[in-house]
Each structure stands twice: as structure tokens, then as C-alpha cells.
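Each chain, letter by letter, is given below.
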Amino acid sequence: MSAAAAFFYLFAGVTIASGFMVIASRNPVASVLFLILAFVNAAGLFVMMGAEFLAMILVVVYVGAVAVLFLFVVMMLDVDFAQLRQGFQQYLPIGALIGAVFLIELLLVVGSWTIDPGLVQAPLGPVASAEAVTNTQALGRVLYTDYVFFFQLAGLILLVAMIGAIVLTLRDRPGVKRQNIAVQNARTQTMAVETRKVPSRQGVEV
Amino acid sequence: MNAAQIVLPALGPALPELILSVGVLVLILYGAFRGERSAEGVNVGALILLVVALFAVMSQSGAKVTTLNGSFIVDNFSKVMKALILLGSAATILLSRDYFQRERIDRFEFPILLILCTIGMMVMASANDLIALYLGLELQSLAAYVIAAFHRDNLKSTEAGLKYFVLGALSSGMLLYGASLVYGFTGTVSFPGIVAALDGTAGFGIVLGIVFVAAGVAFKLAAVPFHMWTPDVYEGSPTPVTAFFASAPKMAAMAMTVRLFIGAFPDVTAIWQQIIVFVAIASMALGSFAAIGQRSLKRLMAYSSIGNVGYALVGLAAGSQEGISGVVVYMIIYLAMTLGAFAVLLSLRRGGRMFESVDDLAGLSRTHPVMAFCLAAMMFSLAGIPPLAGFFAKYYVFLAAIKSGLVALAIIGVVTSVVGAFYYLRLVKVMYFDEPVAAYEPMPPGARIVLALASLVVVLLGIVPGPIVGAAGAAAKSLF
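From a predicted model like this one, the values you see are computed outputs, not experimental measurements.

A. Quick look at the overall build of chain B. Helix and strand content of chain B: 20 helices and 4 strands. Scaling as 2.2 N^0.38, a compact globule of 480 residues should have a C-alpha radius of gyration of about 23 Å, and chain B matches this with 22 Å. Dimensions of chain B, computed from C-alpha atoms along their principal axes, come out at roughly 75 × 60 × 40 Å. Looking at chain B as a whole, 63% of its 480 residues qualify as buried. For chain B, restricting intrachain contacts to residue pairs at least 6 apart in sequence, the fraction spanning at least 24 positions comes to 81%. Summing over all exposed atoms, chain B offers an accessible surface of approximately 16900 Å²; the carbon and sulfur share of this is 70%. Within chain B, one finds 28 positive and 23 negative side-chain charges whose respective centroids are separated by 4 Å.

B. Looking closely at the overall build of chain A. Helix and strand content of chain A: 10 helices and 0 strands. Relative to its 206 residues, chain A shows a buried fraction of 17%.

C. Local environment of the pattern of salt bridges. Residue and element names in this part refer to chain B. The tally for this structure, following the rule as stated, stands at 20 salt bridges over all chains. For R299, the salt bridge identified is with D232, shortest N-O distance 3.3 Å. Placement of R299 in helix α13 (residues 297–318) and of D232 in helix α9 (residues 229–236) is noted, with a sequence separation of 67 residues between them. What makes R299 buried here is its relative accessible area of 18%.

D. Here's a closer look at the interface of chain B and chain A. Listed as interface residues are 34 residues of chain B and, on the opposing side, 24 residues of chain A. On the surface where chain B and chain A come into contact, there are 1 salt bridge. With a closest N to O distance of 3.0 Å, D153 of chain B and R171 of chain A form a salt bridge. The tally of links from chain B across to chain A stands at 4 residue pairs in polar contact (both at pLDDT 80 or more).

E. Local environment of the environment of Q101 of chain B. Residue and element names in this part refer to chain B. Assignment of secondary structure puts Q101 in helix α3 (residues 76–102). C-alpha separation for the pair Q101 and W272, spaced 171 residues apart in sequence, amounts to 46 Å. Dropping the residues within four chain positions of it, Q101 is found in contact with E40 and D106.

F. Geometry of the nonpolar core. Residue and element names in this part refer to chain B. Judged by nonpolar contacts, the single largest core of 196 residues is most densely connected at F245, F265, L313 and L316. Broken down by element, this core gets its largest block of residues, 18 residues, from helix α14 (residues 321–345). In this structure, F265 is in contact with V182, I194, L198, I210, L260 and W272, ignoring residues within four places of it in sequence.

G. Up close: the side chain of H368 of chain B. Residue and element names in this part refer to chain B. By the element assignment, H368 lies in the loop between α15 (364–367) and α16 (369–383). A distance of 3.0 Å separates a polar atom in the side chain of H368 from the backbone nitrogen of Y440. If sequence neighbours within four positions are ignored, H368 has contacts with A439, Y440 and E441.

H. Here's a closer look at a nonpolar patch on the surface. Residue and element names in this part refer to chain B. There is a patch of nonpolar side chains on the surface, built from I449, L453, L456, V459, L460, I463 and V464 and spanning about 630 Å² of accessible area. Relative to the assigned elements, I449 resides in helix α19 (residues 445–463). Taking the relative accessible area as the measure of exposure, I449 reaches 44% and is therefore partly exposed.

I. Broad picture of the packing of helix α2 (residues 39–58) of chain B against α3 of chain B. Residue and element names in this part refer to chain B. Following both chains from N to C, one finds α2 and α3 inclined at 165°, their axes separated by 9 Å at the closest point. As judged from the angle between their axes, α2 and α3 are roughly antiparallel. Crossing of α2 over α3 shows left-handed handedness. Residues A39, E40, N43, A46, L47, L50, A53, L54, V57 and M58 of α2 lie in contact with α3, whose contacting residues are K79, K82, A83, L86, L87, S89, A90, I93, L94, R97 and Q101.

J. Highlighting α9 of chain B. α9 of chain B sits mainly inside the fold: 6 of its 8 residues count as buried. Each element contacted by the buried residues of α9 of chain B is listed here: α6 (155–186), α8 (204–221), α10 (239–246), α11 (248–264) and α13 of chain B.

K. Representation of helix α1 (residues 15–34) of chain B. Taking 1.5 Å per residue, 20 residues should reach 28 Å; α1 of chain B reaches 28 Å between its end C-alpha atoms and fits that length. Here α1 of chain B has its buried residues at P16, E17, L20, S21, G23, V24, L27, I28 and G31 of chain B. Looking at the buried positions of α1 of chain B, the neighbouring elements they touch are α8 (148–169) of chain A together with α2, β2 (72–74), α3 and α4 (109–126) of chain B. Trailing α1 of chain B by a residue or two, G35 of chain B shows a phi angle of about 75°, which is positive.

Calculation rules
Residues numbered from 1 in each chain as written. Chains lettered and ligands numbered in written order. Predicted model: local features only at pLDDT ≥ 70, side-chain atom pairs only at ≥ 80, totals over all residues. Heavy atoms only, no water. Helix = DSSP H or I, 4+ residues; strand = E, 2+ residues; numbered from the N terminus. Rg over C-alpha atoms; globule rule 2.2 N^0.38 Å. Buried < 20%, exposed > 50% of the residue type's maximum accessible area, 1.4 Å probe, protein only. Contact = heavy atoms within 4.5 Å. Areas by Shrake-Rupley, 256 points an atom, 1.4 Å probe, with all protein chains shown as cover. Lys, Arg positive; Asp, Glu negative; His and termini not counted. Charge placed at Lys NZ, Arg CZ, Asp CG, Glu CD. Salt bridge = Lys/Arg side-chain N within 4 Å of Asp/Glu carboxyl O. Polar contact = N/O pair within 3.5 Å; in protein donor to acceptor, adjacent residues only side chain to side chain. Core = buried A, V, L, I, M, F, W, Y, C linked by side-chain atoms within 4.5 Å. Patch = residues over 30% accessible without salt bridge, like charges linked within 9 Å, V, L, I, M, F, W, Y side chains within 5 Å. Axes fitted to C-alpha atoms, helices over the stretch in contact; angles between N-to-C directions. Parallel < 35°, antiparallel > 145°, perpendicular 65-115°, else oblique. Left-handed = near helix turned anticlockwise from the far one by under 90°. Expected span 1.5 Å × (residues − 1).

Fair warning: the whole summary comes from geometry, so function is off the table for now.
Here is the structure:
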């Protein structure tokens, strides 16, 4: 068994195992962490296929943003996951049966699947051959040149999303104490500390 | 590595969009630094931007030019549709000022989102490939979801925004799936490329793709059977936003539809023609029958817009140059009629409250004779009664349908427009023959301007339809 095959089975095995643990784990936080493990291993599989850009995007977007968001939601929301999962074991046999049927169907379909050789030739996009450049380079070459219009439009769409989120949720609450750094920095000893003579047995008024 | 020479794409054809994009960024910064006090300034700035962009659009030669790697096309069709879109957006800003100030939701983000929405719509009108079309559509839709929920403390407005968002996302998904099928079976996303790849024949995959794309497009047009969101969203949104939804985005959606079907699938007309014929018949029928029982003016206008989209689609179903010319004429006149009607609707205010039901129009002819006369002109025009402009709008699309052999479609259209005339004329009856309750406050200046211009268009174009018919003919010619 070559090293590549060994790594493939390692990544694939861990992906499936952690995928199973996502739904089997009792603790929802552990579920999310297993999900992250599954994402990272899937990224490893992408690297092995030579799609390193997709792998990096998977790590950056899914692990870096989406999974962390999940983690926040799980920790912030008071959801009783044990109650949600009640009866899960009871339905397991039926679920397994349906899953098995789908698997057989999929195998039958994919087994007889042939891709029209003409279709593989069809894409007309200006993509350099895989031997000449890595796919990150290939994407980078067209993203800011041929597809700069789409890139800018996507930027505008993200701007709308940002403005929209602010418009719909930001409220100006009165009576909120805000930090004023200039005032803080300008404080001197005389402003902060007051020295008073305390007469014996009389005290001072505060 | 020998870096490929990078050639800057020609940006001249996209000048109006660039003006708006750069201008909106400046307005955002101005608004962010000035805070809430900047609403007035941003509104004025947005209006100026729209007018400048309109001049930039009008100064384009109208010759067919593609740029930005072939995904952006400028021709007579895009010129006319962009002018309509910009007019609709500018009218919305005029209509919205007074309303937003009185409802105390006068925030500077509204004109900014409106401009961003306008950029999306203009990209839709100029899209020459599926990616540009989808990105323009998303830019337009996302901004529209936000402004539907702009009155965020109002339950109905937030409901409208949420409903629009969920259903809009679903329809975008359908359109995207159809687009991916078309890409998968042709190997290209550019419209001329698709035409070349299809070569006049369409396999099963392409048919499936066209069906899904048509479903997504029909949702954006609010055409039956993808119209369900329309009455709720129109009713819940703040009224100036409803006026906007009924005007500019309809122009953009229609421009996109025509561009897509005529630009990418001109040789497989038989496939999409039956879809468009069905959608047109269903929209015309539902628009006329469902509006009869409506008491709310905003819901009435929603059903009216569904019906009007149906009539405009009759022209597209014809699939001929005449048909497209009819669609353009229809959209020009529809824009004027809708904005005029909403200008009146936004003026029904008494004692700090807006009135939005049909019965609130009672006796308007005695309390506000000019306003009532203008609204009556709009309603007669919407009902399609000569010599007003609405008659010619319907005349041209039906004529094109008959010339393309779709006689049944034209007959159904005429029958449903007779049914539709009932509820348009009922408004006239309520205004002229019912007893008034009390006078409304004087019309806000913005609404006054919009109503005057709209009435002028509806009356003048009915008498002298030459100029717009000529412009529409040139627009349609550039597509064939």
C-alpha cells in the first residue's frame, strides 16, 4: 500500500468516524468539535486530489467561521439536546434500513453511470492546464482579470449584507456607558485622588 | 513566469453603474460620519446621483457594445430599461421623504440601499451571461429584503421582509439550479455561447434547466404561480417601498426575462413559449379576479401588478421583435401609471394616520378634485380605456400576440382586462359618487411632482404615442 493510499484511508476513516460522532456524541459542544475534525479531514482529502484551493477555503470558511458560529449558537442557546434526541435509538433500525436502501440505489445508479466524453471537453472557460499552474494560481489569474466584474459585484452584495444587518439590528440604546479613551488618558492624579485630613473621632463626609 | 498581459476592460459602457457605485460609497461614508442627521443630505445626494446616472445612460449611443469579458452588454434595449429603472428609483426617493419623516424612520440608509438595489437592477438589464444575471439579481433582491423590513418596529413590515427573504432565497436557489443545468449541458454561461452550443436543438437537460430558470424568473416578476408573496409583502412594507417594488424592480425583472429568453434561447422558442403563455394567462386571470374582493389599496395594487406582468408577458410569449417592442411600451406606461397611483396613495393622510382602504377614497373628487382627477386618469388608463396610454400598452402586446398566431392568448387577455376594468372603475366610482368623510392633509411636494409627471405621461402618450413606440421599436430591434 502506497503512502498516498494510506493517507487517503486515514483521512477518509477519520472523516467518517467523526461524522458519526457528530450525531452520536452526548455533548453538543463535542459534536461541533467533531464537525470541525470532519471538515479538517475533508480538507486533507481535497489536498490529496490536488484541489488545494478548495481545501484552504474549507478550512478558512467552514472551520474558521461557520463552525465557530455553530459553537457560539450551541453555547448561547439553552437547548436541551438530550430531550431533542429522545427516541433516537428507537428509530435507529428504521433509519438504518432506509439508509441501506438509499445506499443500494446510489450504488446501482453510480455503477452504471458514464460521463459523455464530449461533455468533459465542453467547458470553454479560460482555465490553464493543471500541469502548468496550481489551481490557486489558475483561479487568481482569472478572478481579478476576466472575472473582475463578478468579483466587484460580489463585493457590493457583501456591502448590502453588512448595511442590512446594521440597519435591521443596531439600536441606539440610551443610558449606555461608553468608554472614552481620551478622557481616561487625560486623567491626572489630582483628578482621581483627593487627599483629605481626617480629624480624629469625627470622620469626613464622602 | 511570463505573466500574461493584463488588458483593462473598457469601462465606458458601464459608466452609469460606476457613477452609482462610487457615489454610493461616498454617501455611505458621509452618512456614517454625520450620523442620523445626514438623512436629508444623503437623500439629496442620492437623487442627484440617480439623475446624473440617467444622463449618462441617455448619452450612450445605443449601439451594441459588450465589455468586461463579454458579460456586460449595452444596447438600445438596456438603455431604455435602465432609464425606466432610474426613473422608478428617483420617483421612490421623492415619494419616500415625507412618509419616512412622519413615521420617524427617516434614516440615511434607505437611499443608500435604494441606490445599491438600482445598481443590481441595472446589471440585470445589461447581463450577457448567467453569472452577471444572478449577481445582479442577488444585489437587487438582498437590498429589497432589507428595505421591505425597513420599518423594523412594525410587525407587518418585519413579517414582509422575512417572508420576502425566505421565498426569495428559495426562488434564487431554483434559478441557480436551472442555470447550473444550462451550464452543465452547454459548457458555457455566456448568452451568445449558449446560443452557439444549442444550435437550435435542446435536449432534456436544457429543457429542465429552462423550466427551473423560468420558475426563478417568474418569482422575481411576481407572476402566477409564483406570486404568493406579493400581496403580503406589498401590504406589509412601508408604502413608499411598496411603490418602489411595484415600479423599478418590475422593469429590471422584465428586462432580465427578455434578455434571458431572447438573448440565450432565441432558437428554441417552442420550449419556453408554452411556459410563458401559461404564466401570462394565469397572471392575467388571477390579477383580475383576485383583486375584485380586495378592500386594501396596497393589496389591490399588488394584484394589479400581477395582472399587468401577465399582459406584458403576452408580448414576450409572441417571441417576435414586435412582441418585445410591445413589452417595452407596456413597461414604460405601466411605470407611469403605478407611480401615479402610489403618489395618491401616499397622500391619504389625516391626523397623523395613513388611510389605505378603498373606502377611504370616498368623495375624493369633492375634497381634492385635482388629485381625484389624476387618479381617475390612472385608473381609466390601467383599465385600458382609450385615448389614455394604457390602451395603447395593451393594444401593442395583443397585436403582437395575434401576429404570432397566439389568437387564443390575446382573446383571454382582452376578456381578463374587461374583468379587471371592474375594480379599476370601482375606485373611480368611489371617488366621484360616494360621500366624503373629511379632507386629507395637503399633498406632500414629492408626491405632487410624481403625480403631475405621471399624469402628463399617461395623457400625452395616449394622444401622441409616437415617441415611445419609436424608442421601444429601436430597443426591440437591438435584441434581434
